[in-house]
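Summary of the model geometry
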Amino acid sequence: MSFSTVDHGMMARALRLAERGMWTTSPNPRVGCVLVRDGEIVGEGWHERAGAPHAEANALRAAGELAGGATAYVTLEPCSHHGRTPPCVDAIIEAGVAEVHVAVGDPDAKVAGRGLAALRAAGITVHTGLLADDVAEQLTPYLHHRRTGRPYVVLKLAATLDGRTAAPDGTSQWITSAAARADVHRLRAESTAILVGAGTVRADNPSLTVRDVDGPSPRRVVLGRAAEGARVHPCTEYSGPLPHLLDQLGAEGVLQLMVEGGASVAADFHRQRLVDRYVVYLAPALMGGDDGLPLFRGPGSPTMRDLWRGRIVSVRQIGPDLRIDLVP
């Protein structure tokens, strides 16, 4: 169906409301809801934190009796099962909502179309797909986790324009600008967990916390053993196959895993095709030789026809540097 300008505006409002739950809803999704009656917003809400009432419940409570006959705009399919909160579809039906716009369906096995079916069975008009691409982008880690059981893996890389991440003497601080490093901290805050190799812990002794922006610090994971007294503690230490680690973290509710290195760890994730998004920061600097550390350690594609190719989805200038986002 074609959606009106009002429809687009109300779903965009729901999308902005959902963003308010960025730091607090994991492992639940960020969701926003707007209730409209006679062209006026009568209630709105968002999912504020895991275990708290969902966006639909908050919007219905704000609307009160005005929810009867209203149109709801919800970014994600309403839940139809009992969890820590009652089913949202029951609340929508009981409130007498007449029409529901849902941007994207929820692939969670407990929902997966049941919410939409329950609303239609109750005689409520249901439309899907409004601003679906925008909502799917906002919910990418959640949707990926629910479809695969694994976290959405973001590999962060920083290099000179000639692809070097450290000088021959091992120094690497700093290739990029303070503005780019602040953006990295935002990426950390958006991630449920962050991972580095034990070699990076020995070389740099990073804390892997969020410092330059507002937002929570992620859970820390080290491949191998971190020395006693290393700043990365407390952390999860792991030795074993990477796919098993992703399964384990997914089962523990990690929606997004940020991989920060080093070059051997980055190469392992890349070669095993475990990266869902590459975030590459390029500085306007040149190492000027072939003796610096490359982005990936070890053998690469033996021939041109074996090159890994992806799709650039975003290019942004951050201070003097470029951020390039690449997906398979």
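Here is what the cut-offs are and how they apply
- Throughout, residues of each chain are indexed from 1 in the direction in which the sequence is written.
- It should be noted that, the model being predicted, local features are given only for residues of pLDDT at least 70 and side-chain atom pairs only at 80 or more, the latter also being counted only at that level, while totals for whole chains, interfaces and linings use all residues.
- Processing note: side-chain calculations cover all non-hydrogen atoms of the structure and skip hydrogens and water entirely.
- Runs of E in the DSSP output that reach at least two residues are strands. Runs of H or I that reach at least four are helices, and both are numbered from the N terminus.
- Accessibility here uses a 1.4 Å probe with only protein chains present; expressed as a share of the type maximum, an area under 20% marks a residue as buried, one over 50% as exposed, and anything in between as partly exposed.
- Only heavy atoms matter for contacts: two residues are in contact if any of them lie within 4.5 Å across the pair.
- Per-residue and other accessible areas follow the Shrake-Rupley method at a 1.4 Å probe size, with only the shown protein chains counted as cover for residues.
- What we call a nonpolar core is a set of buried Ala, Val, Leu, Ile, Met, Phe, Trp, Tyr and Cys residues that are connected through their side-chain atoms within 4.5 Å.
- For two strands to be treated as a pair, DSSP must find no fewer than two bridges joining them.
- For helices, the fitted line uses only the C-alpha atoms of the stretch in contact; every axis is such a line through C-alpha atoms, and the angle between N-to-C directions lies from 0 to 180 degrees.
- We call a crossover right-handed when, viewed with both strands directed away from the observer, the connection leading from the first strand over the helix to the second proceeds clockwise.
- We count a salt bridge whenever a side-chain nitrogen from Lys or Arg sits within 4 Å of a carboxyl oxygen from Asp or Glu.
- Working definition: a disulfide is two cysteine sulfur atoms within 2.5 Å of each other.
- Ring pairs are drawn from Phe, Tyr and Trp, using the six-membered ring of Trp, whenever the two centres fall within 6.5 Å, and their geometry is named by plane angle: stacked under 30 degrees, edge-to-face over 60, tilted for the rest.
- Put simply, a charge is over a ring when the Lys NZ or the Arg CZ is close to the ring centre, within 6 Å, and near the line of the ring normal, within 35 degrees.

As for the overall build of the protein chain
When helices and strands are counted, the protein chain shows 10 helices and 15 strands. Residues counted as buried form 47% of the 328 residues belonging to the protein chain. For the protein chain, the share of sequence-separated contacts (at least 6 apart) that also reach a separation of at least 24 residues comes to 73%. Total accessible area on the protein chain stands at roughly 15500 Å², and carbon and sulfur atoms take up 51% of it.

Considerations on the nonpolar core
Ranked by size, the top nonpolar core spans 39 residues in total, and within it Leu35 and Val100 carry the most contacts. A total of five residues in this core trace back to one element, the largest contributor, which is helix α1 (residues 5-19). Excluding anything up to four places from it in sequence, Leu35 contacts Glu40, Ile41, Val42, Gly43, Ala59, Leu60, Ala63, Ala67, Ala70, Thr71, Ala72 and Val97.

Overview of the sheet that holds strand β4 (residues 99-104)
Taken in spatial order, the five strands line up as β2-β1-β3-β4-β5 in an open sheet, and their pairing is mixed. Edge positions in the sheet fall to β2 (40-46) and β5 (125-128), since each has one partner strand and no second. The mean angle between the axes of side-by-side strands here comes to 15°, regardless of whether they run parallel or antiparallel. By the bridge criterion, four bridges tie strand β1 (residues 32-37) to strand β3 (residues 71-76) in an arrangement that is antiparallel. When the sheet's bridge partners are listed, Val34 is paired in β3 with Tyr73. Set on the sheet, α1 makes contact with β1, β2, β3 and β4; between it and β1 the angle comes to about 145°.

Focus: the sheet that holds strand β11 (residues 256-261)
Spatial strand order, β10-β9-β8-β11-β6-β12-β15-β14: eight strands in an open sheet with mixed pairing. Here the strands that pair on one side only, and so sit at the sheet edges, are β10 (236-238) and β14 (311-318). The average angle at which neighbouring strand axes cross in this sheet is 20°, direction not considered. Judged from the seven bridges that link them, β14 and strand β15 (residues 321-327) form a sheet pairing that is antiparallel. Looking at the pairing, Gln317 lines up with Leu322 of β15. Here helix α7 (residues 178-190) sits on the sheet and contacts β6 (152-160), β8 (193-197), β11, β12 (277-283), β14 and β15; the angle it forms with β11, its principal contact strand, is near 140°.

Some points on the pairing of β8
Buried residues dominate β8, accounting for five of its five residues. Here β8 shows no split at all, with Ala193, Leu195 and Gly197 on one side and Ile194 and Val196 on the other all buried. Looking at chain direction, β8 and strand β9 (residues 219-223) are connected through five bridges and run parallel. Along β9, the bridge assignment pairs Ile194 with Arg220. Tracing the backbone out of β8, into helix α8 (residues 198-204) and back to the parallel element β9 gives a crossover that is right-handed.

Topic: the pattern of salt bridges
All chains considered together, the criterion is met by 12 salt bridges. Between Asp247 and Arg150 there is a salt bridge whose closest N-O contact spans 2.8 Å. Residue Asp247 is found in helix α9 (residues 242-251), and its partner Arg150 is found in the loop between α6 (140-148) and β6; the two are separated by 97 residues along the sequence. Note that Glu252 and Arg219 form a salt bridge whose closest N and O atoms lie 2.8 Å from each other. With Glu252 in the loop between α9 and β11 and Arg219 in strand β9, this pair connects stretches of sequence that are 33 residues apart.

Some points on the state of the cysteines
The tally for this structure, following the rule as stated, stands at zero disulfides. A disulfide-free cysteine, Cys79 has its sulfur positioned 3.7 Å from the sulfur of Cys88, the nearest such atom. Note on Cys79: relative accessible area 8%, which makes it buried. The exposure class assigned to Cys88 is buried, which follows from its relative accessible area of 4%.

So, helix α10 (residues 263-271)
When we look at burial in α10, the residues that qualify are Ala263, Val265, Ala266, Ala267, Phe269 and His270. Immediately downstream of α10, the backbone of Arg273 shows phi near 55°, a positive value.

Digging into the packing of aromatic side chains
Counted according to the given criterion, the structure contains one aromatic pair. With a centroid separation of 4.9 Å and an interplanar angle of 55°, the aromatic rings of Tyr278 and Trp308 are classed as tilted. Residue Tyr278 is found in strand β12, and its partner Trp308 is found in the loop between β13 (293-294) and β14; the two are separated by 30 residues along the sequence. For Tyr278, a relative accessible area of 4% puts it in the buried group. Note on Trp308: relative accessible area 22%, which makes it partly exposed. Positioned above the aromatic ring of Trp46 is the side chain of Arg20, whose terminal nitrogen or guanidinium carbon lies 4.6 Å from the ring centre.

Some points on the environment of Gly300
Here Gly300 shows up in the loop between β13 and β14. When the C-alpha atoms of Gly300 and Gly262 are compared, they prove to be 16 Å apart, with 38 residues separating the residues in sequence.

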